[in-house]
Amino acid sequence: MHAVIVGCGRVGAELASSLGKRGFTVAVIDKDSASFVKRLHPDFSGKSLVGLGFDRVILEEAGIKDAQIFIAVTNGDNSNIVSARVAKEYYQVPNVAARIYDPRRAAIYERLGISTVAIVAWTTDQILAHVLPASESVEWTVGSGEVVVVGVQAPEHLVGKPVFDLNLPGKIQVAALTRFGESLVADAKTLVQEGDFIHLSVLRSFLPQFDATLQKPEEDL
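Here, residues in each chain are numbered from 1, in the same order as that chain's written sequence. Per-residue local features of the predicted model are confined to residues with pLDDT of at least 70, and side-chain atom pairs are confined, for both listing and counting, to 80 or more; whole-chain, interface and lining totals are unaffected and use all residues. The basis for every side-chain value is the complete set of heavy atoms in the structure, and neither hydrogens nor water enter the calculation.

## Quick notes on the overall build of the protein chain
Item 1. Secondary structure counts use DSSP, requiring at least four H or I residues in a row for a helix and at least two E residues in a row for a strand, with both numbered from the N terminus. On a plain count of helices and strands, the protein chain comes out with seven helices and 11 strands.
Item 2. Exposure is judged per residue with a 1.4 Å probe applied to protein chains only, and the accessible area is read against the type maximum: over 50% gives exposed, under 20% gives buried, and values in between give partly exposed. A burial count over the protein chain gives 48% of its 221 residues as buried.
Item 3. The criterion used for residue contact is that any of the two residues' heavy atoms lie within 4.5 Å. For the protein chain, the share of sequence-separated contacts (at least 6 apart) that also reach a separation of at least 24 residues comes to 57%.
Item 4. Total accessible area on the protein chain stands at roughly 11300 Å², and carbon and sulfur atoms take up 52% of it. The accessible surface values rely on the Shrake-Rupley method and a 1.4 Å probe; as for residues, cover is taken only from the protein chains in view.

Have a look at this one:
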């Protein structure tokens, strides 16, 4: 598994470290070579490349053709979105996310299939929740850790159906929903829309079975 990260600030460096610990090979791109020395963990064993995140020569040197994950976390909305669109539309990277400082623009980018997280809500765990499998996307723990909150992209087979269809008594409970950069508390009448990001409370001991519960039921195949 390979990941490409554009932007080697604090968040980009943390993402590189987190993904490396999960077994990914990682390439980090930044226009300032000094950022690699300042930010990357001493144990970082991936590639570091100086350049722009939308430069195809740099992207291909970073291994984007083999990437499963692409994350743009520079300080500029425009740079992040241009980079993310190149990764999504030209190289067809399956999991693409971009940091955005202006949440009002999130709806546009979400419709392009690019997960966005507004700066006010930005943490390493939250962006990983947009690009990793559900069982690995823990956003935070509750109490002593018996319950965790995970974030998942809305399964396609649930679009148009009540979000509470994901509830499983004693194991899974819908906590909130993020749509076009704004979060809301769902109720029994809330229907899933394409691009929704759903936050669920899950019993930690149920995590090994969690991914399977998100799959389309066999009777619907």
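Having seen the model, we can carry on.
## Observations concerning the pattern of salt bridges
Item 1. Any carboxyl oxygen of Asp or Glu within 4 Å of a side-chain nitrogen of Lys or Arg constitutes a salt bridge here. According to the stated counting rule, one finds three salt bridges in the structure shown.
Item 2. Residue Glu14 is joined to Arg10 by a salt bridge in which the shortest nitrogen-to-oxygen separation is 3.3 Å. On the criterion of helical spacing, the pair formed by Glu14 and Arg10 is a turn pair, its members being four residues apart in helix H1 (residues 10-21).
Item 3. Since its relative accessible area comes to 48%, Arg10 is described here as partly exposed.
Item 4. Glu89 is paired through a salt bridge with Arg85; the nearest N and O atoms lie 2.9 Å apart.

## Brief notes about the environment of Glu60
Item 1. With respect to the element layout, Glu60 can be found in helix H3 (residues 56-61).
Item 2. In the structure, Glu60 is positioned 31 residues away from Tyr91 in sequence and 9.5 Å away in space, judged by C-alpha atoms.
Item 3. Each residue touching Glu60, except ones within four places of it in the same chain, is listed here: Lys65 and Tyr91.

## Focus: H1
Item 1. Between the first and last C-alpha of H1 there are 17 Å, a value that for 12 residues agrees with the 16 Å anticipated at 1.5 Å per step.
Item 2. Just beyond H1, the residue with positive phi is Gly23, at close to 95 degrees. To estimate the expected span of a helix, subtract one from its residue number and multiply by 1.5 Å.

## A few points about unusual backbone geometry
Item 1. The backbone of Gln92 sits at a positive phi, close to 55 degrees, despite the residue not being glycine.
Item 2. Considering the arrangement of structural elements, one finds Gln92 in the loop between helix H4 (77-90) and strand E5 (95-100).

## Structural notes on the layout of surface pockets
Rolled over the atoms, a probe as big as a water molecule pinpoints where empty space is left.
Item 1. Roughly 380 Å³ of internal volume is contained in the second largest pocket.
Item 2. As defined here, a cavity is a set of points on a 1 Å grid over the protein atoms alone where a 1.4 Å probe fits but cannot get out. A pocket is an open set with protein on both sides within 12 Å along at least five of seven lines, and residues line them when an atom is within 4 Å of a point. Taken together, 22 residues make up the lining of the second largest pocket; nearest its centre are Gly7, Asp30, Lys31, Thr74 and Asn75.
Item 3. Residues of the lining of the second largest pocket, tallied by class, amount to seven nonpolar, 10 polar and five charged. Grid points are joined across faces, edges and corners, and a volume is the space filled by probe spheres set on the points. Charged means Asp, Glu, Lys or Arg here, nonpolar means Ala, Val, Leu, Ile, Met, Phe, Trp, Tyr, Cys or Pro, and polar covers whatever is left, Gly included.

## Quick word on the pairing of strand E9 (residues 172-179)
Item 1. For E9, a buried count of six out of eight residues is recorded, marking the element as mostly surrounded by other parts of the structure.
Item 2. Should DSSP find at least two bridges between two strands, the strands are regarded as paired. Pairing of E9 with strand E11 (residues 197-203) involves six bridges; the strand directions are antiparallel. Counted as the bridge partner of Ala176 is His199 from E11.
Item 3. Of the strand pairs in this sheet, E9 and strand E10 (residues 182-184) are connected by three bridges, and their pairing is antiparallel. For Leu177, the partnering residue across the bridge sits in E10 and is Leu184.

## Quick look at the nonpolar core
Item 1. Grouped together as the largest cluster of nonpolar side chains are 21 residues, with contacts concentrated most on Ile5, Leu15, Leu19, Val28, Ile69 and Ile71.
Item 2. Put simply, the parts of the chain that give this core at least two residues each are strand E1 (2-6), H1, strand E2 (25-30), strand E4 (69-72) and helix H6 (124-131).
Item 3. For this core, the element with the highest residue contribution is H1, accounting for five residues.
Item 4. In this view, Ile69 contacts His2, Ala3, Val4, Leu19, Phe24, Val93, Asn95, Val131 and Leu132; residues no more than four positions away in its chain are not counted.
Item 5. Residue types Ala, Val, Leu, Ile, Met, Phe, Trp, Tyr and Cys, when buried and joined through side-chain atoms within 4.5 Å, form a set referred to as a nonpolar core. With 20 residues, the next largest nonpolar core counts Val4, Ala72, Ile81 and Val86 among its residues.

## Describing the packing of aromatic side chains
Item 1. Any two of the Phe, Tyr and Trp rings considered here, Trp counted by its six-membered ring, make a pair once their centres fall within 6.5 Å; the pair's planes then place it as stacked at under 30 degrees, edge-to-face at over 60, or tilted in between. For the coordinates displayed, the defined rule picks out one aromatic pair.
Item 2. Centre to centre, the rings of Tyr90 and Tyr91 are 4.8 Å apart; their planes meet at 80 degrees, and the pair counts as edge-to-face.
Item 3. On the accessibility criterion, Tyr90 (46% relative accessible area) is partly exposed.
Item 4. Here Tyr91 falls in the buried class, since its relative accessible area comes to 12%.
Item 5. Sitting over the face of the ring of Tyr90, Arg56 holds its NZ or CZ atom 3.7 Å from the ring centroid. Distance and angle both matter: a charge sits over a ring if NZ of Lys or CZ of Arg is within 6 Å of the ring centre and within 35 degrees of the ring normal.

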